[in-house]
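An overview of the molecular structure
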Amino acid sequence: MGNLKDKYCIVGVGETDYSRNSGRSVRALGVEAVRKAMNDAGLKPDEIDGMLSYHGNDSTTAPAISHDLGMRLNFYMDCSGGGSSTEALVSLAIGLIENGNCHTVALYRSMNGYSEARIGGTPAAARPAAATITGPALESLSYGLSSAAQNFQFTFARHMYEYGTTSEQLATVKVIHSEHASNNPKAYYKKRVTVDDVLSSRWVVKPACHLLDCCVETDNATCIIITSADRARYLKQRPVHILSVAGRVGKPFQGMHYQCDPITRQAGYYGSRIVFRQAGVEPEDIQLTGCYDAFTFTPLLLFEGFGFARPGEGGDYITSGVMRLGGKRPNNTSGGHLCEAYTHGMNMVIENVRQLRHQADDSCPRWQEGIHTYDHREGGCRQVKDVELAMNMGWAMPALCSSLIMRR
Amino acid sequence: MTMYKGMRFVVSPVDSEHRGFYEHARQHRLMVQKCSDCGLLRGAPGAGCPFCTSLKWTWQQVSGKGTIYSYQIVTQAIQPAFRDWVPYAIVLVDLDEQRRVPWRNAEEGEYISVRMVANLVKPNDPTKPEDQENVAIGKRVEVCFIDLDDKLALPQFRLSNEPPEHTPWRAPV
Ligand SMILES: [Zn+2]
């Protein structure tokens, strides 16, 4: 981003409840999330003139949401996308403001990810009796290869073979994120779990995905609002400045990345160059991370890809305690996709925005004033003390990443 | 209509990257795309050559022999059609014909092979999945085919009698 460093800010965040039975349309969810982010920022409807969203044919559209909130937009785009789209849309929003199309952009993701359209497949009751396999799906569905856990499993298995990564190391990701979620009243799963709990949960796909290695599936909508630093100064919240962003950075051979070794290398290997160079910081400077934890394995590969751990040493990074609240560089302090909710990436960005405001919405009585106990025991505080610099690492698959570095 | 495990198996006549693959499979030949200009073999179907951008290519028969490069054991019927198969293996097979060609002068340490995804099935019955205990990285495999009708077949892999390429590895689970 070069000269755009510090010129744009996230000024509002909002989300619905995280549930498995919203009982509402994705339009109703989306409107609520956008409205909450707008109110969080202290903006009026006519002060938002751009809207971006991503979906997998399971969401609502920007025209619907802007209609329901009385907004007249100068630009909108509802993109096809999943993991790593949040950061990608942050990048697009900055471009829209920079080129004069808009001045303030809301981006959202709305999904009934449990009760309507589950990522691994629609609920059993809604499945057609006979599927049709055609086109590129011939290469996967013919072999019973359909879900995200399966799509990534060759990478996971090969990493275990090449580097000796263990199920216990992976389970530790879930354990730590569950500790963080226990201090997050919003989290869908607030109960702390043990390594044994993960290892004794049923298998979904061997060798890397027990049920508790997989993220939660939930109904929710999430929203963040971006504007220029000049405008941000006059809004309600302390602005969180964007130092750099990379959206949907790929490895070669996107058509079938398993053709290209090393298959255990995450695309963060490439994305890291963009975000660290443009932010002018190093991994060592980052005090808080947010990783797309669709599975326990995905943060491990992101840490290696982005240079927080050397190739093959992601397991050691996880068990070292560095990513635990109170550690040197906590990860997913809200509980992330494994415990808080599955939002296709946005809740980890929202969490880092609140952390950088020093307003993690935990059980500390005065969190809204930024006053915390920093007692991270169960049910307590989850604010990272004095955090100034945070990073998000998005995942769509092993060969695709995104990233965002923000400062207080 | 072509059916496989209760699913409609539709290969469009204009699907130039897939049609010939499944028709040759019915003759029990495993084919990959070969670039007519630079000769690169493509493990995954595509319309152009990632090495030289050539749009000209032909189907090239390969031996169907290879090594398991990675694997997974699916223990839950995420696709209902596979309910009678769980647990079943899906393998990523490194074919013998093209191993580790440097990509862009290997500036990033990247190498291209020819890899195919299929199930690992029983040597004597390609309609049955191999036992999970027998699936391991490094084991040698060979292609076999499930005939779907008189026009199309689905390639699969089975363990071969050759010794493993290296000490076989499977996760201790
Ligand atoms: Zn070529």
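Everything that follows concerns the structure shown earlier in this document.
As the structure is a prediction and not an experimental result, all values here were calculated from the model.

Moving on to the overall build of chain B. Helices and strands together make up the secondary structure of chain B, namely one helix and 13 strands. If you list the helices and strands of chain B from N to C, you get β-β-α-β-β-β-β-β-β-β-β-β-β-β. Radius of gyration (C-alpha) of chain B: 17 Å, near the 16 Å computed for a compact globule of 173 residues. By its C-alpha atoms, chain B is 45 × 45 × 30 Å across when sized along the principal axes.

What follows deals with the overall build of chain A. A tally of regular secondary structure across chain A gives 12 helices and 13 strands. A globule of 408 residues ought to have a C-alpha radius of gyration of about 22 Å, and chain A, at 20 Å, matches this closely. Structurally, chain A occupies a C-alpha span of about 55 × 50 × 40 Å along its principal axes. Counting over 408 residues, chain A shows a buried share of 64%.

Turning our attention to the side chain of threonine 104 of chain A. Residue and element names in this part refer to chain A. Tracing the backbone through its elements, the reader meets threonine 104 in strand β4 (residues 104–112). The exposure class assigned to threonine 104 is buried, which follows from its relative accessible area of 2%. Of note is the side chain of threonine 104, whose polar atom sits 3.5 Å from the backbone oxygen of glutamate 47. The residues touching threonine 104, leaving out its near neighbours within four places in the chain, are Leu43, Glu47, Ile48, Asp49, Gly50, Ile225, Ile226, Thr227 and Arg231.

Within the largest apolar cluster, 111 residues are counted, with the highest numbers of intra-cluster contacts made by Ile405 of chain A together with Phe157 of chain B. No other element matches strand β7 (residues 88–95) of chain B, which puts seven residues into this core. With near-sequence residues (within four places) excluded, isoleucine 405 of chain A lies in contact with His241, Ile242, Leu243, Ser244, Val275, Phe276, Ala279, Val281, Ile286, Leu389, Ala390 and Met391 of chain A. Membership of the second largest hydrophobic core comes to 33 residues, among which are Tyr8, Cys79, Cys102 and Ala390 of chain A.

To continue, consider unusual backbone geometry. The residue after lysine 206 of chain A, namely proline 207 of chain A, is reached through a cis peptide bond having omega 10°. On the secondary structure map, proline 207 of chain A appears in the loop between β6 (203–206) and β7 (209–210). Following valine 86 of chain B, the chain continues into proline 87 of chain B via a peptide bond in cis, with omega recorded as -5°. You can see proline 87 of chain B is positioned in the loop between β6 (65–74) and β7. The phi dihedral of phenylalanine 253 of chain A falls on the positive side, at around 60°, and the residue is not glycine. Structurally, phenylalanine 253 of chain A is set in the loop between β9 (240–250) and β10 (260–261). Within the chain, threonine 53 of chain B stands out as a residue other than glycine whose phi angle is a positive 70°.

This part is about helix α4 (residues 148–163) of chain A. Residue and element names in this part refer to chain A. For α4, spanning 16 residues, the distance from its first C-alpha to its last is 22 Å, which sits close to the expected 22 Å at 1.5 Å a residue. By the largest-angle criterion, phenylalanine 154 marks the main kink of α4, which is about 40°. In the stretch just after α4, glycine 164 is the one whose phi turns positive, near 75°.

Right, let's talk about the packing of aromatic side chains for a bit. Evaluated as defined, the whole model comprises 24 aromatic pairs over all chains. With centroids separated by 5.4 Å and ring planes inclined at 85°, the aromatic side chains of phenylalanine 154 of chain A and tyrosine 258 of chain A adopt a geometry described as edge-to-face. With phenylalanine 154 of chain A in helix α4 and tyrosine 258 of chain A in the loop between β9 and β10, the pair connects residues that are 104 residues apart, well separated along the chain. You can call phenylalanine 154 of chain A buried: its relative accessible area is 1%. Residue classification places tyrosine 258 of chain A among the buried positions, given a relative accessible area of 6%. What links up through ring pairs into an aromatic cluster is the set Phe152, Phe156, Phe295, Phe297 and Trp395 of chain A. One cation-aromatic arrangement involves arginine 20 of chain A over tyrosine 114 of chain A; the distance from NZ or CZ to the ring centre is 4.1 Å. For the cation-ring pair, lysine 5 of chain B lies above phenylalanine 82 of chain B, with the distance from its terminal atom to the ring centre recorded as 5.4 Å.

Moving on, we get to the pattern of salt bridges. For the coordinates displayed, the defined rule picks out 42 salt bridges over all chains. Glutamate 108 of chain B is the salt-bridge partner of arginine 273 of chain A, the closest N and O atoms lying 2.8 Å from each other. With one member in each of two chains, arginine 273 of chain A in helix α8 (residues 268–279) and glutamate 108 of chain B in the loop between β8 (101–102) and β9 (111–112) form a pair that bridges those chains. Among the residues examined, arginine 273 of chain A registers a relative accessible area of 36% and is labelled partly exposed.

All names here are of chain B. Distances from the zinc ion to its protein donors, Cys35 (SG), Cys38 (SG), Cys49 (SG) and Cys52 (SG), fall within 2.3 Å. Around the zinc ion, the four donor atoms sit at angles spanning 101 to 119°, and that spread fits a shape best called tetrahedral. The motif formed by the donor residues of the zinc ion, counted along the single chain, is C-x2-C-x10-C-x2-C. Of this pair, cysteine 35 sits in strand β3 (residues 30–35) while cysteine 49 sits in the loop between β4 (41–42) and β5 (57–62), and the two are 14 residues apart along the sequence. Cysteine 49 carries the same exposure label as cysteine 35, and that label is buried.

So, how was this worked out
- Residues numbered from 1 in each chain as written.
- Chains lettered and ligands numbered in written order.
- Predicted model: local features only at pLDDT ≥ 70, side-chain atom pairs only at ≥ 80, totals over all residues.
- Heavy atoms only, no water.
- Helix = DSSP H or I, 4+ residues; strand = E, 2+ residues; numbered from the N terminus.
- Rg over C-alpha atoms; globule rule 2.2 N^0.38 Å.
- Buried < 20%, exposed > 50% of the residue type's maximum accessible area, 1.4 Å probe, protein only.
- Polar contact = N/O pair within 3.5 Å; in protein donor to acceptor, adjacent residues only side chain to side chain.
- Contact = heavy atoms within 4.5 Å.
- Core = buried A, V, L, I, M, F, W, Y, C linked by side-chain atoms within 4.5 Å.
- Expected span 1.5 Å × (residues − 1).
- Bend = angle between axes of the 7 residues up to and from the residue.
- Phe/Tyr/Trp six-rings, centres within 6.5 Å; stacked < 30°, edge-to-face > 60°.
- Lys NZ or Arg CZ within 6 Å of the ring centre and 35° of its normal.
- Salt bridge = Lys/Arg side-chain N within 4 Å of Asp/Glu carboxyl O.
- Donors = N, O, S within 2.8 Å, 3.2 Å for Na, K, Ca; no water.
- Tetrahedral: all angles 85-135°; square planar, octahedral: opposite > 155°, others 65-115°.

Bear in mind that shape data such as this cannot, by itself, settle questions of function.
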